[in-house]
Amino acid sequence: ELSQVAKDTKKKKLLVEPEKKKEKEVTTKEDKIGLLSQLSQLAKETKKEESYEKEKRKSVMLLSKNFSLLELTKSQTAERRGIDNKPTAEHIENMVALCENILQPVRSHFDRPLIISSGFRCAQLCVEIGSSINSQHVADNQAAAADFEIPGVDNKELAKWIRDNLEVDQGILEFYKDGEPASGWIHCSYSRNSNRQQWLRAMREDGKTVYKPWLGQ
């Protein structure tokens, strides 16, 4: 009788062990799938973080001592309308020349921050705001442009200083009203090829914008 019990126990054990082995194999397979899924998710998150850090570094890239790429490319219109206002390497090279030869010298001389109202504009952004795709704000053809002013400095005096001390391709004293120092703003462009040293004054006449040669008077 004891011998029969032993036989039955051994038989049950033999039946149970394959089931346990099979269960262990399934568990191991599920664990592997789960692990692979976790690794895949981790890889995606890592790639996403690296992409974010890359964009972050790009946005804080300095074009000169006091000017960043973000300052020259930020646009509320682009953000509102979902326009990707990102410059190419060539655009950035042209903006560096603009900063080094005009914006930074102005910033260093007056020792005050410049407020840049418009810097780089991609062609799509130019179209959206009614500007020309041939504008030097597009930063093509080895040139770049920016509109700016310095709070507390007469815009006309600022334009005069730039005209008398720096090389520019085109400078425009825009919509300045005599007797109102804070009115209007300055537009300046710089070309890495050749600079015309052209100065204009923008004003409204009969409801239209007109540009006239400006000698700094």
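Each residue is numbered by its place in its chain's sequence as written, counting from 1. Predicted model: local features are reported for residues with pLDDT of at least 70 only, side-chain atom pairs are reported and counted for 80 or more only, and whole-chain, interface and lining totals are derived from all residues. Side-chain descriptors were evaluated using all non-hydrogen atoms of the structure, hydrogens and water having been removed beforehand.

Draft legend 1. Structural context of the overall build of the protein. We count a stretch as a helix when DSSP gives it H or I for four or more residues in a row; a strand needs E for two or more, and each element gets its number in order from the N terminus. When its secondary structure is counted, the protein shows six helices and six strands. Its helices and strands in sequence order give the protein the pattern α-α-α-α-β-α-β-α-β-β-β-β, from N to C terminus. Carbon and sulfur atoms provide 51% of the accessible area of the protein, an area that totals close to 14300 Å². A 1.4 Å probe and the Shrake-Rupley method give the accessible areas. Residues count as covered only by the protein chains that appear here.

Draft legend 2. Molecular detail of the packing of aromatic side chains. To pair, rings of Phe, Tyr and Trp, with the six-membered ring standing in for Trp, must have centres within 6.5 Å; the planes then decide the type, stacked if under 30 degrees apart, edge-to-face if over 60, and tilted in the middle. Evaluation of the coordinates by the stated rule reveals three aromatic pairs. Taking 5.5 Å as the distance between ring centres and 50° as the angle between the ring planes, the aromatic pair formed by F175 and W185 counts as tilted. Linking F175 in the loop between β3 (170-174) and β4 (185-191) with W185 in strand β4, this pair joins segments that are 10 residues apart in sequence. Over the ring of W214 we find R163; its NZ or CZ atom is 5.8 Å from the centre of that ring. Two thresholds decide whether a charge sits over a ring: the Lys NZ or Arg CZ must be within 6 Å of the ring centre and within 35 degrees of the ring normal.

Draft legend 3. Highlighting the sheet that holds β4. Read across the open sheet, the six strands follow the order β1-β2-β4-β3-β5-β6; overall the sheet is mixed. Both outer strands of the open sheet, β1 (115-118) and β6 (208-213), are each paired with one neighbouring strand and no more. The average angle at which neighbouring strand axes cross in this sheet is 30°, direction not considered. DSSP bridges decide pairing: two strands pair if at least two such bridges lie between them. Taken together, the five bridges between β3 and strand β5 (residues 198-205) define a ladder with parallel strand orientation. Counterpart to Q170 in the pairing with β5 is Q198. For every element, the axis is a line fit to its C-alpha atoms; helices are fit only across the contacting stretch, and the angle between N-to-C directions ranges from 0 to 180 degrees.

Draft legend 4. How the structure looks around the pattern of salt bridges. Basic side-chain nitrogens of Lys or Arg form a salt bridge, by our definition, when they fall within 4 Å of a carboxyl oxygen of Asp or Glu. Applying the stated criterion across every chain, the model contains 11 salt bridges. In this structure, R107 engages D111 in a salt bridge whose closest nitrogen and oxygen atoms are separated by 3.8 Å. Exposure is judged per residue with a 1.4 Å probe applied to protein chains only, and the accessible area is read against the type maximum: over 50% gives exposed, under 20% gives buried, and values in between give partly exposed. In this structure D111 comes out as exposed when scored by relative accessible area, which is 59%. Salt bridges sharing partners connect three or more residues here, namely K156, D178 and R201.

Draft legend 5. Molecular detail of the layout of surface pockets. A 1.4 Å probe that fits into a set of points on a 1 Å grid over the protein atoms alone but cannot get out defines a cavity; an open set with protein on both sides within 12 Å along at least five of seven lines defines a pocket, and lining residues are those with an atom within 4 Å of a point. Grid points are joined across faces, edges and corners, and a volume is the space filled by probe spheres set on the points. In this structure, the largest pocket occupies an estimated 440 Å³ of space. Taken together, 17 residues line the largest pocket, and the ones lying closest to its centre are R121, H137, E174, H187 and Y211. Every element with two or more residues in the lining of the largest pocket is listed here: β1, β3 and β4. A total of three residues in the lining of the largest pocket trace back to one element, the largest contributor, which is β3. Gly is put with the polar residues, along with every residue not named as nonpolar or charged; the nonpolar set is Ala, Val, Leu, Ile, Met, Phe, Trp, Tyr, Cys and Pro, and the charged set is Asp, Glu, Lys and Arg. A per-class count over the lining of the largest pocket returns five nonpolar, nine polar and three charged. Roughly 350 Å³ of volume is contained in the second largest pocket. Taken together, 15 residues line the second largest pocket, and the ones lying closest to its centre are K74, S75, Q76, S117 and S118. For the lining of the second largest pocket, the secondary structure elements donating two or more residues are α3 (76-81) and β1. Ranked by the residues each element gives to the lining of the second largest pocket, the list is headed by β1, at four residues. Its residues assigned to classes, the lining of the second largest pocket shows six nonpolar, six polar and three charged.

Draft legend 6. Structural view of a nonpolar patch on the surface. Taken together, the side chains of L35, L36, L39 and L42 make up a nonpolar region of the molecular surface, amounting to roughly 410 Å² of accessible area. Among the structural elements, L36 can be located in helix α1 (residues 2-59). Here, patches come from residues exposed beyond 30% relative accessible area and free of salt bridges, joined within 9 Å for like charges and within 5 Å for nonpolar side chains (Val, Leu, Ile, Met, Phe, Trp, Tyr).

Draft legend 7. Seen up close, helix α6 (residues 155-165). All of the buried residues along α6 are N155, K156, L158, A159, W161 and I162. Whether two residues are in contact is decided by their heavy atoms, any of which lying within 4.5 Å being enough. On the buried face of α6, the contacting elements are α4 (89-110), β2 (143-149), β3, β4 and β5. Polar contact is defined as a pair of N or O atoms within 3.5 Å, subject to the rule that within protein one atom must be able to donate a hydrogen and the other to accept it, and that residues adjacent in sequence are counted only when both atoms are side-chain atoms. Sitting at the amino-terminal end of α6 is D154, which places a side-chain oxygen 2.8 Å from the backbone nitrogen of K156.

Draft legend 8. Here's a closer look at the state of the cysteines. Any two cysteine sulfur atoms lying within 2.5 Å of each other are counted as a disulfide. Under the criterion given, the structure shown has zero disulfides. Cysteine C122 shares no disulfide, and the gap to the nearest cysteine sulfur, in C126, comes to 7.2 Å. Classification of C122 by relative accessible area gives buried; the value is 11%.

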